[in-house]
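Geometric and topological summary
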Amino acid sequence: MPPALQNPFLLWFLLSVALAVLCYFTMRRELRVRATLYGSFLLACIVAMWPPYGKDDTPGKIHLGLDLKGGIHLVLQVVTDDALNATVDDAVSAARTQATAKGITVGAIHRLDATSFTVEGVEPARVKDMRDILHDYFRSPEWDLREPGEARFLVKMTDSYVNQVRDRTVKEAIRTLERRVNQLGVAEPIIAQHGARGDQILVQLPGVTDVEQAKRVISTTAQLSLQMVEDSAGSRESLLDKTQGKVPDNMEVVQGPGREPGQPEFYLVRKEAVITGRDLKNARAGVDGQTNSPDVNFSLNPVGADKFKRETGRSVGKRLAIVLDHSVISAPTIHSQIGAEGQITGRFSTQEADELAKNLRAGALPATLKYLQQLTVGASLGRDSIRQGIVAAGMGMAFLAIFMILYYRLSGVNAIVALAANLLILLGAMAYTGATLTLPGIAGVILTVGVGVDTNVLVFERIREELRNGKTVKAAINNGFDRVWMTILDTHATALIAAAFLFQFGTGPVKGFAVTLVMGLIANIFASYFVSRFIFEWVLGHRKAATLSI
Amino acid sequence: MEFLKNPNYDFLGKTKILLGVSIALIVAGIAYISSRGVRYGVEFSGGTQLIATFQNRPEVDKVRAAVDKVTSGAVIQTYDEPSKNRVLIRLPHTGGEGDLSSSADAVLKSLATSYPENKVVDSSTEIVGPIVGAELRRKAIQLTVFGLLFQLLYIAFRFGGAVWGTAATIAVFHDVLITLGLLAIFGYEITLNVIAALLTLVGYSQNDTIVIFDRVRENLKQRRKEPLAKIINDSVNQTLSRTIISSGTTFLTVLALYLFGGEVLRGFAFAMVIGIIVGTYSTIYIASPIVVWWDNFRKRRRGAPAARAAL
């Protein structure tokens, strides 16, 4: 195929133009426009779905679900209370630090539950100062400050803040999982917020057969390392130019976000890490005193501090990559020797700085994950399923085709053409929207075919009835189609209501069923009503028929 | 070719006998379910389901011996066609929240050591924690009920009277009850797929009812003087050919699904096969008579044919 035709839109456009020309010369005036429109729509569907299934190197346009392809499906519960506890713990330690700094003697500051803490036994003379501190630090809309008794304060997270933290925790966990899953090199993984309360995560890894490895990667805590940067570039090729395309033995290439969003940057870094997550004592988001921009302060344990001091002393002016789960978070320049305490500055937003600090602290996962559901489909079961599904669909359609031709003769052929158009639209729409075909989805296709034929039968029976009542062929066809229009709308509407409810089952095979059913029902109105009617008018015009083969 | 030319059967006259059959089927289903219970699929009940594909024909006794070594309460049966060498192992529990699959892994390991002469070449697992199972059960019931309710509202709205919607909905309830009963009696599990089939056949049965009701509405406009019972009976006759052919063709397609669609879809296809038969029947013998009865009931109370206007 010439390269210009690789562009699907252009290909479709040219085919449509060709079709329009063909229609102009072969069709009667009143049919031309419709023929071109319908035909070009069907062409669009063919172009969208081609090639439908994948060969070894090129993936097909129809996405196959886990149950057909094999793979892993996990539902994880994010224990968001962990993150709330951590937030309140941070608040408690901030309050303590401030009280000490101002020289206020306090009986106790401790966490009450996941969302609140109390300050008790404040020395009477300094109650006002303590109140000022708490007012400063724990303002609405995030915190709610109360004084339930003399020299006692109750600080509680507001509901909106609780929800915000919960939501952020789930999103952070999702990002972390995404980073980890990327290491597996899975095509089209799905990692998404899930569940009625939104505190679950759905992970789908189609085509993955090594369950053990996948679970290990997902459940390992994050690997943090600080590695010296040798060089960086916008692409792997230009990065390795100087070394003749080879990665030196003591180096490795890691990827990270570049200057422009969406553009990766490649780093050549030393394999041996300067320090790793194990050397880290604490990390906290703060504000850089000079530039007033958000940064992250971290402290190291004595062993780590020693190593870090030595290495940074030697490498002032060089860059240090902060690598989390094999991807570079940032690569700041070392300005001076760093010891037990250091600073990471970058182009962070406050929230990003906060997140990075949390990642560094907690080994990347902001909360514990619990497994709720796990589904693995072996490749052989998947293969059997797809084969049986296709055989069943093929047999079903063959039954129908034979029956329709026996019972309605040439009009049966019309119904079969409509059926083929129905299938084309269904598959084209699935390819175009990226919907997933599951095994129940194949059942949905088969059912769509059944309902599509039902539409044809409704129309054909009505036409026969009109012919029996002595109408001319043309009038019978017009009446037949006109009279059943409302019925067809009604039947499709109720079926669509049923399908809409099936959508509520979230992802998974049943949703695949709902998707094919909805698309099939809509395609069906077009194919079995409009296309079929067009074919009748087209064929009858040629023959000026007095009889109809029905 | 044509099966029926101008059929003129007295459908509504035979309602009482067939109503007896319907009630018998429903009662049998309910009695069976209340004494034996329904078998839920693993997604609803929670637990572990493992489908292992062996190299050669597996001996269930040896598989059981290996499984019993590491866990208790397992249900073991051959799965799919015997030539596929598959065994289904159901455990009532999971491995725990930390690692759901530990009991499934233990079973696989035990199979490898205690039954080494026949290797497991491929396995599929479905492991569902108790929270998800309960949540899904609740959701399934909710969705089915709301799905029915919305369809009732739609039909009531389209036909301008609650009687039509109610009649169609009672017919659909009848279909769902009979299908559920037969599923239980024939030992099929209630899985998500089966719920999907039930909701679909709800749509299908409504579809069938609407076709006849549409025809009744059309006839009502032209034949104002005639009794409603006769109009409905005529409408059923006029659409009979369509009813039989389109149910027949849909039946053929789901039959193909039942016969060739494989083990995973067996329950789904069974529900559809039963549902299409029952759904077609219930339109004629449940939904239509209800409208007639309602009309008669109103006439008796008010002594006037005014009831028809309300339909």
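Residues numbered from 1 in each chain as written. Chains lettered and ligands numbered in written order. Predicted model: local features only at pLDDT ≥ 70, side-chain atom pairs only at ≥ 80, totals over all residues.

Here we look at the overall build of chain A
- Within chain A, the regular secondary structure consists of 14 helices and 19 strands.
- In terms of overall size, chain A is more extended than a compact globule, its C-alpha atoms giving a radius of gyration of 33 Å where 550 residues would be expected to give roughly 24 Å.
- Out of the 550 residues in chain A, the part that is buried amounts to 42%. (Helix = DSSP H or I, 4+ residues; strand = E, 2+ residues; numbered from the N terminus. Rg over C-alpha atoms; globule rule 2.2 N^0.38 Å. Buried ≥ 20, exposed ≤ 12 C-beta atoms within 10 Å, placed from the backbone.)

Focus on the overall build of chain B
- Secondary structure assignment for chain B yields 11 helices and 4 strands.
- Taking 2.2 N^0.38 as the reference for a compact globule, 311 residues should give roughly 19 Å; the C-alpha atoms of chain B span a radius of gyration of 25 Å, well beyond that estimate.
- Taken along its principal axes, the extent of the C-alpha atoms in chain B is 80 × 45 × 30 Å.
- Residues counted as buried form 48% of the 311 residues belonging to chain B.

Overview of unusual backbone geometry
- Here the amide bond leading from Trp50(A) into Pro51(A) is cis, since omega sits at -10°, within 30 degrees of zero.
- Tracing the chain through its elements places Pro51(A) in the loop between α2 (29-49) and β1 (63-64).
- For Ala151(A), which is not a glycine, the phi torsion comes out positive at approximately 55°.
- Tracing the sequence through the fold places Ala151(A) in the loop between β5 (143-149) and β6 (152-157).
- Residue Ala151(A) is classed as partly exposed on the basis of its C-beta count, with 16 C-beta atoms lying within 10 Å.
- Phi is positive for Asn85(B), close to 60°, though the residue is something other than glycine.
- Accessibility expressed as a C-beta count within 10 Å gives 21 for Asn85(B), which makes it buried.

Structural notes on the packing of helix α13 (residues 473-503) of chain A against helix α7 (residues 192-222) of chain B
- Orientation of α13(A) relative to α7(B), taken along the N-to-C sense of each, is 160°, at an axis distance of 9 Å. The pairing of α13(A) with α7(B) is recorded here as roughly antiparallel in orientation. At the point where α13(A) passes α7(B), the crossing takes the right-handed sense. Of α7(B), the residues touching α13(A) (which contributes Met486(A), Thr487(A), Asp490(A), Thr491(A), Thr494(A), Ala495(A), Ala498(A), Phe501(A) and Leu502(A)) are Ala196(B), Leu199(B), Thr200(B), Val202(B), Gly203(B), Gln206(B), Asn207(B), Ile210(B), Val211(B) and Asp214(B). (Axes fitted to C-alpha atoms, helices over the stretch in contact; angles between N-to-C directions. Parallel < 35°, antiparallel > 145°, perpendicular 65-115°, else oblique. Left-handed = near helix turned anticlockwise from the far one by under 90°. Contact = placed C-beta atoms within 7 Å.)

Re the sheet that holds strand β14 (residues 294-300) of chain A
Residue and element names in this part refer to chain A.
- As summarised here, the arrangement of the 3 strands in space is β13-β14-β17, forming an open sheet in which the pairing is antiparallel. Unpaired on one side and paired on the other, β13 (280-287) and β17 (341-345) mark the two borders of the sheet. If you compare each strand with its neighbour and ignore which way they point, the axes differ by 25° on average.
- Judged from the 7 bridges that link them, β13 and β14 form a sheet pairing that is antiparallel. Across the sheet, the residue bridging to asparagine 282 is serine 299, located in β14. (Pairing = 2+ DSSP bridges.)

Things to note about the interface of chain A and chain B
- Contacts between chain A and chain B engage 54 residues on the former and 53 residues on the latter.
- Every element with two or more residues in the side of chain A that touches chain B is listed here: β18 (369-377), α11 (379-433), α12 (439-468), α13 and α14 (509-543) of chain A.
- The biggest single contributor to the side of chain A that touches chain B is α11(A), with 16 residues.
- Counted by class, the side of chain A that touches chain B contains 35 nonpolar, 14 polar and 5 charged residues.
- In the sheet, β18(A) pairs with strand β4 (residues 120-128) of chain B via 4 bridges, with the strands oriented antiparallel. Of the residues in β4(B), the one forming a bridge with Thr376(A) is Thr125(B). (Nonpolar A, V, L, I, M, F, W, Y, C, P; charged D, E, K, R; others polar.)

A short note on the sheet that holds strand β8 (residues 200-206) of chain A
- Read across the sheet, 8 strands follow the order β7(A)-β8(A)-β2(A)-β18(A)-β4(B)-β1(B)-β3(B)-β2(B) without closing on themselves; strand pairing throughout is antiparallel. In the strand order of this sheet, the two ends are held by β7 (190-194) of chain A together with β2 (75-79) of chain B, each with one partner. Pairs of neighbouring strands in the sheet enclose a mean axial angle of 20°, with direction left out of account.

Side note on the domain arrangement of chain A
Residue and element names in this part refer to chain A.
- Its domain assignment divides chain A into domain 1 (1-50), domain 2 (81-162), domain 3 (226-348) and domain 4 (379-543).
- Each of domain 1 and domain 4 was reduced to a C-alpha centroid, and the two centroids are 23 Å apart.
- Facing the 10 residues of domain 1 at the interface are 13 residues of domain 4.
- A breakdown of the residues in the side of domain 1 that touches domain 4 according to their chemical character gives 8 nonpolar, no polar and 2 charged. (Domains from an automatic or database assignment.)

With respect to the pairing of strand β4 (residues 116-122) of chain A
Residues and elements named next belong to chain A.
- Where strand β3 (residues 106-113) lies against β4, 6 bridges are found, and the strand directions are antiparallel. Looking at the pairing, valine 106 lines up with valine 122 of β4.
- The loop that links β3 with its antiparallel partner β4 comprises 2 residues.

Describing the domain arrangement of chain B
- Here chain B is partitioned into domain 1 (12-40 + 132-310) and domain 2 (47-128).
- For domain 1 of chain B and domain 2 of chain B, the distance between their C-alpha centres works out to 40 Å.

Observations regarding the nonpolar core
- Ala271(B) and Met272(B) are the most contacted members of the largest nonpolar core, which has 131 residues in total.
- Sorting elements by how many residues they give to this core places α11(A) first, with 19 residues.
- The residues contacting Met272(B), other than those within four sequence positions of it, are Ala197(B), Leu201(B), Val254(B) and Leu257(B).
- Core analysis: the next-biggest nonpolar cluster, separate from the first, contains 62 residues, Leu84(A), Leu134(A), Val208(A) and Leu50(B) among them. (Core = buried A, V, L, I, M, F, W, Y, C linked by C-beta atoms within 7 Å.)

Quick word on helix α5 (residues 130-159) of chain B
- Helix length check: α5(B), at 30 residues, gives a terminal C-alpha distance of 44 Å against a target of 44 Å (1.5 Å per residue), a fit within 8%.
- When α5(B) is considered as a whole, its buried residues turn out to be Gly133(B), Leu136(B), Ala140(B), Gly147(B), Leu148(B), Gln151(B), Leu152(B), Ile155(B) and Phe159(B).
- Of the surrounding elements, those touching the buried residues of α5(B) are α13 of chain A together with α2 (42-45), β4, α6 (162-185) and α7 of chain B.
- Gly160(B) lies just past α5(B) and shows a positive phi near 65°. (Expected span 1.5 Å × (residues − 1).)

A look at the environment of Ile497(A)
- Within the fold, Ile497(A) resides in helix α13.
- Put simply, Ile497(A) and Val518(A) are 21 residues apart on the chain and 9.3 Å apart in space, counted from C-alpha to C-alpha.
- Aside from chain neighbours lying at most four places away, what touches Ile497(A) is Gly147(B), Phe150(B), Gln151(B) and Tyr154(B).

Thoughts on the environment of Ala173(A)
All names here are of chain A.
- Here alanine 173 lies in helix α6 (residues 159-182).
- Overall, alanine 173 belongs to the buried group, with 25 C-beta atoms counted inside 10 Å.
- Residues alanine 173 and alanine 367, 194 residues apart in the sequence, show an inter-C-alpha distance of 7.4 Å.

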